[in-house]
Amino acid sequence: SRTRDYTAYHINSHNSNTMAQTSSSWRDLPRRILTVAIGVPTIILLLQNIVTSWLFFQGAHLICLLEWRALVPTLPLPSLSSADKKRDNGEDASSPLSQYLIRVFSIASFLITILPSALLPLALMASGILLRLLPHLPMCQKKNVKASAEYIYLTIQHYQFGLLYLSIG
């Protein structure tokens, strides 16, 4: 009897959750239909002209670039206070290395959109090498700030994957 009650509770609970999700999905339906009804014809119109299609894809590329820049990883350090985390977690956004990494990533991601396809592997390789060399350049090093090697590696790897995502993906 106890098992039967437990099973009945789970079945009823599952059904009510499914019904709540279904009703929530139906409430969202008019907005989705409107988005598709306006968005699809607009995109078709934009893609019919060479200039507007290029601008459309450049805009999509820019949105992806900004999103990727916002997703820079951080290292979790639960035992430290927030001030210690910022100091020990690596570079802050205003450090020379972080600024140069963002600049190289942004410039390289723009260049890969205007280069011929035959030069894409060369451009990706050159930008990846440049990203790896940046921490070793004197202009990217700041006195009194010692970023952890793991943080620098994760950030550089993040930007390298970003270039692949923006160019091939």
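As the structure is a prediction and not an experimental result, all values here were calculated from the model. (Residues numbered from 1 in each chain as written. Predicted model: local features only at pLDDT ≥ 70, side-chain atom pairs only at ≥ 80, totals over all residues. Heavy atoms only, no water.)

Enquirer: Mind showing me how you'd approach the nonpolar core here?
Expert: A general trend in soluble globular proteins is that nonpolar side chains are found buried together. Counting 20 residues, the largest nonpolar core has L101, F105, L131 and L134 as the members making the most contacts within it. Of all the secondary structure elements, the ones that give two or more residues to this core are α2 (50-70), α4 (96-114), α5 (120-133) and α6 (149-167). Leaving out residues up to four positions away in the same chain, L134 has contacts with L97, Y100, L101, V104 and C140. (Core = buried A, V, L, I, M, F, W, Y, C linked by side-chain atoms within 4.5 Å. Buried < 20%, exposed > 50% of the residue type's maximum accessible area, 1.4 Å probe, protein only. Helix = DSSP H or I, 4+ residues; strand = E, 2+ residues; numbered from the N terminus. Contact = heavy atoms within 4.5 Å.)

Enquirer: Any chance you could explain the side chain of D28 here in plain terms?
Expert: Relative to the helices and strands, D28 resides in helix α1 (residues 2-48). The exposure class assigned to D28 is buried, which follows from its relative accessible area of 18%. Polar contacts involving the side chain of D28 include one to the side chain of R31, which spans 3.0 Å. Within the structure, D28 has its side chain in polar contact with the side chain of R32 (distance 2.6 Å). (Polar contact = N/O pair within 3.5 Å; in protein donor to acceptor, adjacent residues only side chain to side chain.)

Enquirer: Sorry if this is basic, but what is going on with the packing of aromatic side chains here?
Expert: Given two aromatic rings, their pairing is described by the distance between the two centres and the angle made by the two planes. All told, the structure shown has 3 aromatic pairs when counted by the stated rule. Look at F56 and F57: their rings are 5.2 Å apart centre to centre, the planes differ by 75°, and that puts the pair in the edge-to-face class. Note on F56: relative accessible area 27%, which makes it partly exposed. A ring pair is formed by W68 and Y165, whose centres lie 5.1 Å apart and whose planes are at 25°; its orientation type is stacked. Here W68 is found in helix α2, whereas its partner Y165 is found in helix α6, with 97 residues between them in sequence. (Phe/Tyr/Trp six-rings, centres within 6.5 Å; stacked < 30°, edge-to-face > 60°.)

Enquirer: Would you mind going over the packing of α2 against α6 with me for this structure?
Expert: Geometry of a packed helix pair, given as the angle between the helix axes and the separation of the axes. The geometry of α2 relative to α6 is characterised by a closest axis approach of 11 Å and an angle of 160° between their N-to-C directions. Here α2 lies roughly antiparallel to α6, going by the angle between them. As α2 runs across α6, the sense of the crossing is right-handed. Across the interface between the two elements, H61, C64, L65, W68 and R69 of α2 pack against H158, Y159, F161, G162, Y165 and L166 of α6. Tallied by class, the residues present in the contact of α2 with α6 amount to 7 nonpolar, 3 polar and 1 charged. (Axes fitted to C-alpha atoms, helices over the stretch in contact; angles between N-to-C directions. Parallel < 35°, antiparallel > 145°, perpendicular 65-115°, else oblique. Left-handed = near helix turned anticlockwise from the far one by under 90°. Nonpolar A, V, L, I, M, F, W, Y, C, P; charged D, E, K, R; others polar.)

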